[in-house]
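Coordinate inspection notes
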Amino acid sequence: MCGNVPLTDGGSRAHLSVMGHAIDYIPKEEVRRLAKRSDLWGAWLTLHVWGIIALAVTVYIIFPNPFVFAASFLIIGSRQHGLSILAHDTAHGVMFQNRKLNEFVGKYLLAAPYGGDMIAYRHYHLKHHRHTQSENDPDLPLSAKFPTTKASLRRKFLRDITGRTYLRLRIAAWKMRKGGEKVEGSDAFQKSSPIPFFVSNAILFGIFILIGHPWLYLTLWLLPMWTWMFAVLRLRNIAEHAVTTNDDNPLTHARTTHANVIERILFAPYWVNYHVEHHAYMFVPCYRLKALHKAMVANGHAPDMEIQNDYGAVLKLASA
């Protein structure tokens, strides 16, 4: 994720440093057009992610069978990942045009429900942008271990889907607050306060009680968040930076992965697969990354960009 324009003021200036580097890929007028933020887009995507979660719960309530439960479980875990993607955009200050709306939605409607802290994440994540794939990149430990063996990759995903990764990171975060040693990956889940998480989840639990299915809070909210969401997050981390270059070239130190319909539903919602583009122009909202990809390709950059055809190809690279 690199590029640079608006971000401090809660979302305004931290991007300026890379603007000069990134602006060369496509004409400035096109950059300005693509960098425009929209409150309507931000509101639509917020409603969309929560609407899909609500729909998945509703369908299972109407058709309570194991197959529907499995589908709802996967979709909800994937949309919890979607919450983190949209929270990421608010951390960049680009989800909404209105800064106060961007901050409120990012903190309380997107990050808090899955246990994130948008403000803490912002500080961590912008360091990743400044030092991508260098020794100062806080995300480097997540990508440096690849390529690995197929057996090791299977073990990593097994830890995710059994909830061991979630438990390890939560314990690590608690120990860090007590002055303990940092564990790789835990920075992204640091919190300035746990209160927003507890309040938002109390509201969610209350909603499940009101609709007469309190147990679904555990089985269709907490369990996907503890398991499937982390498997998807691992796949996303691998796709974005594993086996890429360790230099300051956003065309090669990040990766764009083409995604089919199923992959977009399960692994890559909200255009998160366009990661080279995000690193080239991190001030472009997620809802314009596909257009940015087309613009960069039209300007002849495709041969120089790290692009894979699907997530299967990425996993083959990561387990060579």
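The coordinates are above.
Now for a description of the structure that goes with this document. Every residue gets a number counted from 1 within its own chain, in the order that chain's sequence is written. Residue-level local features of this predicted model are given only where pLDDT is at least 70; pairs of side-chain atoms are given and counted only at 80 or more, and the full residue set underlies all totals for whole chains, interfaces and linings. The side-chain quantities take in all heavy atoms of the structure and omit both hydrogens and water.

**Notes on the packing of helix 11 (residues 216-226) against helix 12 (residues 228-241)**
In this analysis an axis means a line fitted to C-alpha atoms, helices contributing only their contacting stretch, and an angle means the value between N-to-C directions, from 0 to 180 degrees. Helix numbers and strand numbers start at the N terminus; a helix is a DSSP run of H or I with at least 4 residues, a strand a run of E with at least 2. At a minimum axis separation of 3 Å, helix 11 and helix 12 run at an interaxial angle of 35°. Here helix 11 contributes Leu223, Pro224, Met225 and Trp226 to the contact with helix 12, which in turn contributes Trp228, Met229 and Phe230. A per-class count over the contact of helix 11 with helix 12 returns seven nonpolar, no polar and no charged. By definition in these notes, contact holds between two residues if any of their heavy atoms fall within 4.5 Å. As a working rule, the residues Ala, Val, Leu, Ile, Met, Phe, Trp, Tyr, Cys and Pro are called nonpolar, Asp, Glu, Lys and Arg charged, and the rest polar, with Gly in that last group.

**Examining empty space enclosed by the protein**
Buriedness for pockets is judged along seven lines, at least five of which must meet protein on both sides within 12 Å for an open set on the 1 Å grid over protein atoms alone, while cavities are sets there where a 1.4 Å probe fits but cannot get out, and lining residues have an atom within 4 Å of a point. Grid points are joined across faces, edges and corners, and a volume is the space filled by probe spheres set on the points. This model, assessed by the stated rule, comprises two cavities of 30 Å³ or more. For the largest cavity, the calculated volume is near 80 Å³. For the largest cavity, the lining is made up of 13 residues, of which His88, Asp89, Val272, His278 and Leu289 are closest to its centre. Where the lining of the largest cavity is concerned, the elements lending two or more residues are helix 4 (66-91) and helix 14 (275-280). Considering only residue class, the lining of the largest cavity consists of eight nonpolar, three polar and two charged. By volume, the second largest cavity is sized at about 50 Å³. Contributing to the lining of the second largest cavity are Arg236, Ala239, Glu240, Arg255, Thr257, Phe267, Val272, Asn273, His275 and Tyr311. Ranked by the residues each element gives to the lining of the second largest cavity, the list is headed by helix 12, at three residues. The residue inventory of the lining of the second largest cavity, partitioned by class, reads four nonpolar, three polar and three charged.

**Comments concerning the side chain of His128**
Structurally, His128 is set in helix 6 (residues 118-130). Here a polar contact is taken to be a pair of N or O atoms separated by no more than 3.5 Å, where protein atoms must pair a possible hydrogen donor with a possible acceptor and residues adjacent in sequence count only if both atoms sit in side chains. A distance of 3.4 Å separates a polar atom in the side chain of His128 from a polar atom in the side chain of His279.

**Brief notes about the packing of helix 5 (residues 99-114) against helix 6**
In the contact formed by helix 5 and helix 6, the axes pass within 9 Å of each other and the chain directions differ by 105°. Put simply, helix 5 runs roughly perpendicular to helix 6. Across from Asn102, Glu103, Gly106, Lys107 and Ala111 in helix 5, the residues of helix 6 making contact are Met118, Ile119 and Arg122. Partitioned by chemical class, the residues of the contact of helix 5 with helix 6 number three nonpolar, two polar and three charged. We call two directions roughly parallel when the angle between them is under 35 degrees, roughly antiparallel when it is over 145, roughly perpendicular when it lies between 65 and 115, and oblique otherwise.

**Structural notes on the layout of surface pockets**
In this model, the second largest pocket occupies a volume close to 390 Å³. Around the second largest pocket sit 20 residues that line it, and Trp50, Ile53, Leu204, Ile207 and Phe208 are the ones nearest its centre. Elements that contribute at least two residues to the lining of the second largest pocket include exactly helix 3 (39-62), helix 5, helix 10 (195-210) and helix 11. Considering each element in turn, the lining of the second largest pocket owes the most residues, eight residues, to helix 3.

**Topic: the pattern of salt bridges**
The rule for a salt bridge is simple: a side-chain nitrogen of Lys or Arg has to be within 4 Å of a carboxyl oxygen of Asp or Glu. Tallied over the full model, the rule gives five salt bridges. Across the pair Arg234 and Asp160 runs a salt bridge whose closest N-O atoms are separated by 2.5 Å. In this pair, Arg234 is assigned in helix 12 and Asp160 in helix 8 (residues 150-161), connecting sequence segments 74 residues apart. The exposure classification of Arg234 matches that of Asp160, with both residues buried. Arg236 is the salt-bridge partner of Glu240, the closest N and O atoms lying 3.0 Å from each other. With a gap of four residues between them, Glu240 and Arg236 both fall in helix 12, about one helical turn apart. As far as burial versus exposure is concerned, Glu240 and Arg236 are alike and both buried. Between buried and exposed lies partly exposed: a residue is buried under 20% and exposed over 50% of the maximum accessible area for its type, with that area taken using a 1.4 Å probe on protein chains only.

**Comments concerning the side chain of Asp160**
Asp160 sits in the buried class, given a relative accessible area of 0%. At 2.5 Å, the side chain of Asp160 forms a polar contact with the side chain of Arg234. Not counting the four nearest positions on each side in its chain, Asp160 is found in contact with Thr165, Trp226, Thr227, Phe230, Ala231 and Arg234.

**Looking at a positive patch on the surface**
Residues Lys150, Arg154, Arg155 and Lys316 make up a contiguous surface patch of positive charge. If one sorts the elements of the positive patch by residue count, helix 8 sits on top with three residues. Structurally, Lys150 is set in helix 8. Exposure above 30% relative accessible area and the absence of a salt bridge qualify a residue for a patch, where like charges join within 9 Å and nonpolar side chains (Val, Leu, Ile, Met, Phe, Trp, Tyr) within 5 Å. Method for areas: the Shrake-Rupley scheme with a 1.4 Å probe, in which residue coverage is limited to the protein chains shown. Under this rule, positive means Lys or Arg and negative means Asp or Glu; His and the chain ends count for nothing. Charge placement uses NZ in Lys and CZ in Arg. For Asp and Glu, CG and CD serve respectively.

**Some details on the nonpolar core**
By size, the foremost hydrophobic cluster in this structure holds 74 residues, and its most contacted members are Trp221, Tyr281 and Met296. Ranked by residues supplied to this core, first place goes to helix 12 with nine residues. We call a set of buried Ala, Val, Leu, Ile, Met, Phe, Trp, Tyr and Cys residues a nonpolar core when their side-chain atoms join them within 4.5 Å.

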